[in-house]
Amino acid sequence: MTTPGDVLDHTPLNRGKHIGETPSDIAGIDPDWLAWAYEHWTPKPCSELLYKECLRDIAEQNRQRRVERDQDRED
């Protein structure tokens with residue numbers, strides 16, 4: 001069964017930096033931008049579920065950067 005969120009996440013955007021791309025594609029290449037757009041645009045460019053996935057990805061990227069930075073400091 002297709003949900004409204006599924007449709008929204010697979011509908012190409014008609015404005016912004018990633019015009020013509022779908023939110024699901026953008027989440028894989030630029031989750032920071034998609035999270036920003038979700039927080040600032042009306043109507044929302046993606047589902048709340050995809051937004052939360054982007055936030056988790058961003059948090060993981062930040063954790064990885066901190067680990068790498070800390071390893072560089074040890075060297």
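Going by the structure above, here's the rest.
In this text the structure is predicted, and so the values were computed from the model without any measurement.

Peer 1: Hey, could you run me through the side chain of S47 in this one?
Peer 2: Structurally, S47 is set in the loop between helix 3 (31-40) and helix 4 (48-74). Engagement of the side chain of S47 in a polar contact is seen with the backbone nitrogen of L50, the distance being 3.1 Å. Each residue touching S47, except ones within four places of it in the same chain, is listed here: G5, L8, D9 and Y38.

Peer 1: How should I be thinking about the packing of helix 3 against helix 4 in this particular structure?
Peer 2: Working note: a packed helix pair is described by the angle between its axes plus the distance between those axes. The contact between helix 3 and helix 4 brings their axes to 9 Å, and the two run at 135°. For the element pair helix 3 / helix 4, the angle class is oblique. Handedness of the crossing formed by helix 3 with helix 4: left-handed. Across the interface between the two elements, P31, D32, L34, A35, Y38 and E39 of helix 3 pack against E48, L50, Y51, C54, L55, I58 and Q61 of helix 4. Broken down by class, the residue content of the contact of helix 3 with helix 4 amounts to nine nonpolar, one polar and three charged.

Peer 1: Sorry if this is basic, but what is going on with helix 3 here?
Peer 2: Structurally, the α-helix is built with 3.6 residues per turn, so residues lying three or four positions apart point the same way. For helix 3, the set of buried residues is P31, W33, L34, A35, A37 and Y38. The elements touched by buried residues of helix 3 are helix 2 (23-29) and helix 4.

So, how was this worked out
Residues numbered from 1 in each chain as written. Predicted model: local features only at pLDDT ≥ 70, side-chain atom pairs only at ≥ 80, totals over all residues. Heavy atoms only, no water. Helix = DSSP H or I, 4+ residues; strand = E, 2+ residues; numbered from the N terminus. Polar contact = N/O pair within 3.5 Å; in protein donor to acceptor, adjacent residues only side chain to side chain. Contact = heavy atoms within 4.5 Å. Axes fitted to C-alpha atoms, helices over the stretch in contact; angles between N-to-C directions. Parallel < 35°, antiparallel > 145°, perpendicular 65-115°, else oblique. Left-handed = near helix turned anticlockwise from the far one by under 90°. Nonpolar A, V, L, I, M, F, W, Y, C, P; charged D, E, K, R; others polar. Buried < 20%, exposed > 50% of the residue type's maximum accessible area, 1.4 Å probe, protein only.

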